[in-house]
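Structure assessment
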Amino acid sequence: MTNILCIGAGYVGGSTIPIVASHCPQHKFVIVDINEARIAAWQSDNLPIYEPGLDEIVKKVRDVNLFFSTDVDKHIAEADIIFVSVNTPTKLFGQGAGKAADLQHWEKTARQILRNSTTSKIIVEKSTLPVRTAEAMETILNSNNKGLHFDVLSNPEFLAEGTAVRDMENPDRVLIGGRETGSGQNALNTLVELYATWVPRERIVTTNLWSSELSKLVANAFLAQRISSINAISALCEKTEADVSEVAHAIGLDNRIGKYFLRASVGFGGSCFEKDILNLVYLCEYYGLPEVARYWEQVVTMNRHQEHRFASNMVHAMFNTIAGKRVALFGAAFKANTNDTRESPALEVCRVLLDEHAAVVMTDPHALDNARYELGQLAERVSFELDPYTAAKDAHAIAILTEWALYKELDYEKIYASMAKPAFIFDGRNLLDHKKLYSIGFNVYPIGKPALTHLRAD
Ligand code: NAD
Ligand code: UGA
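The sections below set out a description of the structure shown in this document. (Residues numbered from 1 in each chain as written. Chains lettered and ligands numbered in written order. Predicted model: local features only at pLDDT ≥ 70, side-chain atom pairs only at ≥ 80, totals over all residues. Heavy atoms only, no water.)

Side note on the overall build of the protein chain
Counting its regular elements, the protein chain contains 17 helices and 14 strands. Against the compact-globule benchmark of 23 Å for 458 residues, the protein chain has a radius of gyration of 24 Å, which places it among compact chains. Counting only C-alpha atoms, the protein chain reaches 80 × 50 × 45 Å along its principal axes. Scored against the burial criterion, the 458 residues of the protein chain give a buried share of 55%. Partitioning the contacts of the protein chain with sequence separation of at least 6, the portion at a separation of at least 24 is 72%. Each charge sign in the protein chain was given a centre, from 46 positive and 56 negative side chains, and these centres are 1 Å apart. (Helix = DSSP H or I, 4+ residues; strand = E, 2+ residues; numbered from the N terminus. Rg over C-alpha atoms; globule rule 2.2 N^0.38 Å. Buried < 20%, exposed > 50% of the residue type's maximum accessible area, 1.4 Å probe, protein only. Contact = heavy atoms within 4.5 Å. Lys, Arg positive; Asp, Glu negative; His and termini not counted. Charge placed at Lys NZ, Arg CZ, Asp CG, Glu CD.)

Right, dumping it as structure tokens:
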């Protein structure tokens, strides 16, 4: 039996380790966190994250070969392998503020591992980190006089929220980077064997440490770049009566381009895309590559533009004033099937509408608590309503901001009848049947497609 520890019981630690534990009943797994409320929630019937399929897996392995604890020191001492999945947010102070990754949680964890270790261990970077972080970690960990040796591996996580269980059960690839030394390669092989329990070997990719660390930032940058590219084109479509879905379909049929991640939207959100691209931008600046930095920075600039363009289109369409008008926001989560609202475009649109003094009501099936928390003081000016029909009642406009499937199934005739007229729908996800909504009487504003409006052209 191997003792495997994960430090950090957030989205990554909490949704990956239970799946590893379910495939490896011969090993003992512990997930620790300094956040007591979070650990208590993982031990309860009400898990702290909403992720389809996760509840059943956690219930199957919890207290069998997976344990949750706040006793970080004790479990470090007992562990043979330690996954570290603590948060690495954008640094908000000092050098690199606003771009670089804040590594304080990481470094604290490394020092805590060192303090509490009495045996040599394999340390696995699961968090997303700047390239060459492992070098600093190795230096800190191996600066001990206890005769201990630590091998640091990079094993970035590629799961997407909402499909975390599927992504982990059946990953496109597992990436593991290690040192090209005897001990480094032994550590790497140990991790390969763990994953090979359920992942086909040809999907387990091994590289040097720096390629692995960098690949994670690059994967997110490429994914986000595709969204910003199609969103840039959506703006042009709106000016030219081209239809962005048709353009995406036409270009996506080219195998070299591919069809995925070409859904134009109100913008990408989530805790990682913006943070990781800004981290990449910072690294390029740090290594004296300003042109490369500007190239990637534009992906973030375009995304912010798209969020604000969407909100301005709403104001413009509604006769250039929304002050005092009830506006129903359908969706708070940054994507469907998660309760995560971090960097959600829905919240950014909400902020702009509040600036315009709209009476905002927000609905979402799972994410209202997080939205309230994330909006801070602004939440006092927002009504939160679980039922979308109640949210839409007396509203001048609905904005679809998260692509929850349930929004497709609503009775829009009933909703139209309950709204102020003229009634508007701004579909920030191109989710709904626009022609049908238009025939009901709505003025419909999709992303990157001609508006369908009963109003006179201005
Ligand atoms: P999170 O904020 O949800 O969770 C991190 C957890 O680490 C928190 O619960 C925090 O209390 C805990 N923590 C911080 N310092 C600690 C310490 N010293 N000891 C014990 N616990 C500590 O973050 P997350 O979304 O799980 O992301 C973690 C990392 O994984 C980040 O680097 C992120 O970029 C990366 N990542 C996230 C996703 C995702 O979908 N969220 C996907 C891939 C990679
Ligand atoms: C993303 C990556 O997909 C994961 O591989 C990565 O592990 C993770 O970031 C991370 O590092 O945190 P995630 O943010 O959970 O996963 O979700 P995505 O499905 O990538 O969606 C991100 C945002 O882009 C969402 O707001 C989504 O609505 C938006 N999006 C996605 C679009 O607007 N259009 C698309 O075509 C695809």
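Next comes the rest of the description.
Re the site of ligand 2
Taken together, 20 residues surround ligand 2, and among them Phe158, Leu159, Ser265, Phe334 and Arg429 come closest. Contact between ligand 2 and Lys216: an oxygen atom at 2.8 Å from a side-chain N or O atom of the residue. In the complex, the protein chains occlude 92% of the 710 Å² of accessible area that ligand 2 would expose alone. (Near = heavy atom within 4 Å. Polar contact = N/O pair within 3.5 Å; in protein donor to acceptor, adjacent residues only side chain to side chain. Areas by Shrake-Rupley, 256 points an atom, 1.4 Å probe, with all protein chains shown as cover.)

Observations regarding a nonpolar patch on the surface
Side chains of Tyr286, Tyr287, Leu289 and Val292 sit close together on the surface and give an oily, nonpolar patch of about 410 Å² of accessible area. The residue Val292 is located in helix α12 (residues 290-317) in this model. Judged by relative accessible area, which is 36%, Val292 ranks as partly exposed. (Patch = residues over 30% accessible without salt bridge, like charges linked within 9 Å, V, L, I, M, F, W, Y side chains within 5 Å. Salt bridge = Lys/Arg side-chain N within 4 Å of Asp/Glu carboxyl O.)

Topic: helix α6 (residues 133-141)
Along α6, the positions that sit buried rather than exposed are Thr133, Ala134, Met137, Glu138, Ile140 and Leu141. Viewed along the axis of α6, the buried residues span an arc of 165 degrees, placing them on a single side of the element. Turning to α6, the residues buried within the fold contact α5 (104-116), β5 (121-125), β6 (150-154) and α9 (209-240). (Arc of directions from axis to C-beta.)

Some remarks on unusual backbone geometry
Here Lys421 and Pro422 are connected by a cis peptide whose omega angle stands at -5 degrees. Note that Pro422 resides in the loop between α16 (412-418) and β13 (424-427). One non-glycine residue with positive phi stands out, namely Asn337, at about 65 degrees. Inspection of the secondary structure puts Asn337 in the loop between β9 (326-330) and α13 (345-355).

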